[in-house]
Each structure stands twice: as structure tokens, then as C-alpha cells.
Amino acid sequence: MNQSLSSLAAARRNHKTKHNQLPWGIVVLAAIIGIAFFLFANVPQAAIMWAFGIIIGFTLQRSRFCFTASMRDPVLTGSTSLTKAVLLAIGVASIGFAYIQHSAAVSGLPIPGNISPVGPNTAIGAAMFGIGMVIAGGCASGTLMRVGEGFLIQIITLIFFIIGSLWGAHDFGWWTANIIPKTKIFLPTLIGWIPALVIQFGFLIGLYVLANKYGKRSDKI
Amino acid sequence: MSEYTLDCLGEICPVPLIKTQKKLAALNKNDILIVSIDHSCAMKNIPEWARKEGHNVEIEEINDGEWEIYIEK
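All values reported here derive from a predicted model rather than from experimental measurement. (Residues numbered from 1 in each chain as written. Chains lettered and ligands numbered in written order. Predicted model: local features only at pLDDT ≥ 70, side-chain atom pairs only at ≥ 80, totals over all residues. Heavy atoms only, no water.)

1. What about the packing of aromatic side chains?
Residues and elements named next belong to chain A. Scanning all chains against the criterion turns up three aromatic pairs over all chains. Relative to Trp-175, the ring of Trp-174 has its centre 5.4 Å away and its plane inclined at 90°; by these criteria the two rings are edge-to-face. On the accessibility criterion, Trp-175 (29% relative accessible area) is partly exposed. Measuring from ring centre to ring centre gives 6.0 Å for Phe-186 and Trp-193, while their planes differ by 80°; the resulting arrangement is edge-to-face. (Phe/Tyr/Trp six-rings, centres within 6.5 Å; stacked < 30°, edge-to-face > 60°. Buried < 20%, exposed > 50% of the residue type's maximum accessible area, 1.4 Å probe, protein only.)

2. Quick word on the pattern of salt bridges
The final tally for this structure, using the stated rule, is three salt bridges over all chains. Salt-bridge contacts for Asp-73 of chain A lead to Arg-72 of chain A; the nearest nitrogen and oxygen are separated by 3.4 Å. Of the two residues examined, Asp-73 of chain A and Arg-72 of chain A, each falls in the buried class. Residues Lys-44 of chain B and Glu-48 of chain B are paired through a salt bridge, measuring 2.9 Å at the closest nitrogen-oxygen approach. Within this pair, Lys-44 of chain B and its partner Glu-48 of chain B are both found in helix H2 (residues 42-52), separated by four residues, close to a single helical turn. Judged by its relative accessible area of 22%, Lys-44 of chain B falls in the partly exposed class. (Salt bridge = Lys/Arg side-chain N within 4 Å of Asp/Glu carboxyl O. Helix = DSSP H or I, 4+ residues; strand = E, 2+ residues; numbered from the N terminus.)

3. Some points on the state of the cysteines
In protein chemistry, a disulfide is the covalent bond that joins the sulfur atoms of two cysteines. For the coordinates displayed, the defined rule picks out one disulfide over all chains. There is a disulfide in this structure between Cys-13 of chain B and Cys-41 of chain B, and the S-S distance comes to 2.2 Å. One end of the pair, Cys-13 of chain B, is in the loop between strand S1 (3-8) and helix H1 (15-25); the other, Cys-41 of chain B, is in the loop between strand S2 (32-37) and H2, and 28 residues separate them in sequence. Of the two residues, Cys-13 of chain B and Cys-41 of chain B, both sit in the buried class. In this structure Cys-66 of chain A is a free cysteine whose sulfur lies 5.3 Å from that of Cys-41 of chain B, the closest cysteine sulfur available. Judged by its relative accessible area of 3%, Cys-66 of chain A is buried. A disulfide-free cysteine, Cys-8 of chain B has its sulfur positioned 9.9 Å from the sulfur of Cys-13 of chain B, the nearest such atom. (Disulfide = S-S within 2.5 Å.)

4. Some points on the nonpolar core
Residues and elements named next belong to chain B. Core analysis: the biggest nonpolar cluster contains 19 residues, and Leu-24, Leu-33, Val-35, Ile-37, Ile-46, Ile-69 and Ile-71 have the highest contact counts within it. Elements supplying a minimum of two residues to this core: S1, H1, S2, H2 and strand S4 (66-72). In terms of residue count, the dominant contributor to this core is H2 (five residues). With sequence-adjacent residues up to four places away left out, Leu-24 is seen in contact with Leu-33, Trp-49, His-55, Ile-71 and Lys-73. (Core = buried A, V, L, I, M, F, W, Y, C linked by side-chain atoms within 4.5 Å. Contact = heavy atoms within 4.5 Å.)

5. So, the interface of chain A and chain B
Opposite the 36 residues of chain A that make contact, chain B presents 36 residues. Summed over both partners, the interface of chain A with chain B comes to about 3,200 Å²; 56% of that surface belongs to carbon and sulfur atoms. Scanning the region where chain A abuts chain B turns up five residue pairs in polar contact (both at pLDDT 80 or more). Elements represented by at least two residues in the side of chain A that touches chain B include exactly helix H1 (2-13), helix H4 (67-76), helix H5 (81-106), helix H6 (120-136) and helix H7 (140-149) of chain A. Take the side of chain A that touches chain B: its biggest share by element is eight residues, from H1 of chain A. Split into classes, the residues belonging to the side of chain A that touches chain B amount to 11 nonpolar, 14 polar and 11 charged. (Buried area = accessible area lost by both parts, 1.4 Å probe. Polar contact = N/O pair within 3.5 Å; in protein donor to acceptor, adjacent residues only side chain to side chain. Nonpolar A, V, L, I, M, F, W, Y, C, P; charged D, E, K, R; others polar.)

6. Digging into the sheet that holds S1 of chain B
Residue and element names in this part refer to chain B. Strand order in the open sheet formed by four strands is S1-S2-S4-S3, and the pairing between neighbours is mixed. Each edge of the sheet is formed by a strand with only one pairing partner; in this case those strands are S1 and strand S3 (56-63). Each strand axis lies, on average, 20° off the axis of its neighbour in the sheet, ignoring direction. Across seven bridges, the pairing between S3 and S4 is antiparallel. Of the residues in S4, the one forming a bridge with Asn-63 is Glu-66. Seen against the sheet, H1 touches S1, S2 and S4 and runs at an angle of roughly 155° to S1. (Pairing = 2+ DSSP bridges. Axes fitted to C-alpha atoms, helices over the stretch in contact; angles between N-to-C directions.)

Below is the structure:
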């Protein structure tokens, strides 16, 4: 039965009028390297950001990684493959951040990272962002990646994403004064490094096991 | 066994997937559904869902940034 599908695909493949994108690829690659050298000569840090940006964007595009789908697909299709991928990514990032923050703490430097207060603002923001990203078809990185990929309809998402960010930044003083708690919570300073890491990875592993079970449960094969 | 087409060009995720789910539910066994998409993430979630449901699936890039998914119910 699979044979008929592949012969159908092969028959329709012959109709395609794809352009050879190799020349453009070479031009873009040359431009990327050229800009990297230009940046390195002027602002070395910007060259590193440029390189990381390109690498992350490329990985995001090729892997079809999507934070929106990681939260949406378990409900919509019962698939948890992206949910597990996100949990793995957070796990890897946690190891890196733990190392960077621990070394900073040991040498008495201010702890790097976006350490922000937790409160009702987190829940309100998460719910708003979650609803928005499912309707818009992408979170921040996903929208940027798809606009770059050539899916032009999401330029609308990008425009409103910029408007929303500016609006949020404009009103941030009000949120800080009225909603966001004053005290920042950083678990390692509160309960120690080992318990904090145990809690972090305990949650991640627990969620991974749950996601794995849920993904298998909805398998109908 | 007959062939059906579903045009999802310009539709943002998860709309192509939901349309495919609805369309496929209305078809008979062994019918083939051809879904046209240009949103790259539909290329991932439609085949994944269809394979989970136990259907045969093939994907073909028909043009630059335009794909067709073939699903056999």
C-alpha cells in the first residue's frame, strides 16, 4: 500500500519547478562571514552575538523546533516529542547556567542571568503569552524564524509582536509598582546550591517522564 | 480508492493540521488525501499525527517552500 503513495509522490515530484538556490546560498554564506569579520574588527562582542544568532536560527529552522507546538501538540495531537525536546533544552541550559552562576557566586561576583521576581505577574503573563502564541502561530523565536524562512503572513505577527513589546516596556513601570513583587527569589541563595539543583532537575525529569508516558498513551499503533 | 486535495497554502499552524484531521475523518479507507502546505511546521505535525493514527504518509517538496503531504487513510 505504501508503494502507491511513493509512486504518487514521485509522479508529482516531476512537476516541480524549483529554482537552484545554491548560488544564493553561497552569496549569503559569504555575506555572513564578511559581516562577522567586519564586526570582529570593530565590536568583537557583536561578532560573537552574530555567530550565536546565526547558529541558533539555523538550528531552530532545520530542526522545526517550536516552543508553541511543545505546549500545544500534547492537547491537539497527543504528540509530546517537542515537549520532551524543550525539557531537554531547558535541562542542558540549566547545567550551563548552574556552572556560570555558581562560578560567579564562588568568586563573589554578582550572579548573572535574568533573575526576576515571581508573582501573579508570572501567571498573568504566561497565560497571555500562551493564548497569543497559539493564535499567532509562533512564539518570539518561532515567528522570527518563519519570517526569515519566507512565510510572509507572519510579518503581521512580527509587527504586533514589536508593538506589544514596546507597549509592555512603556507600561513596565506601572507593573513594577503595582503587580510585580519586590523581592527577587534565587533558589540557590535561599536553600543552597545542591537542593536547588535537585529541585530543578527533579521537576525536569518528572515532567519528562510524564510527557513520555502521555506521548505513548496516545499512540494508536 | 479516490484522491482528494486540501489546500492549506497560507494557513498558519495549527490550522492545516486541524483541517487535515477534519477532512481525513470524512474520507473512506484507502482514500488518498493530498495536503498542500507552505508553513514549515505543518510539515512536521501533520505527518507525525497521521503516522500516530496508523496512516501511510509521504512528503514531497513541490516548490521552494511549498510541500505536499500524501496521506493514505
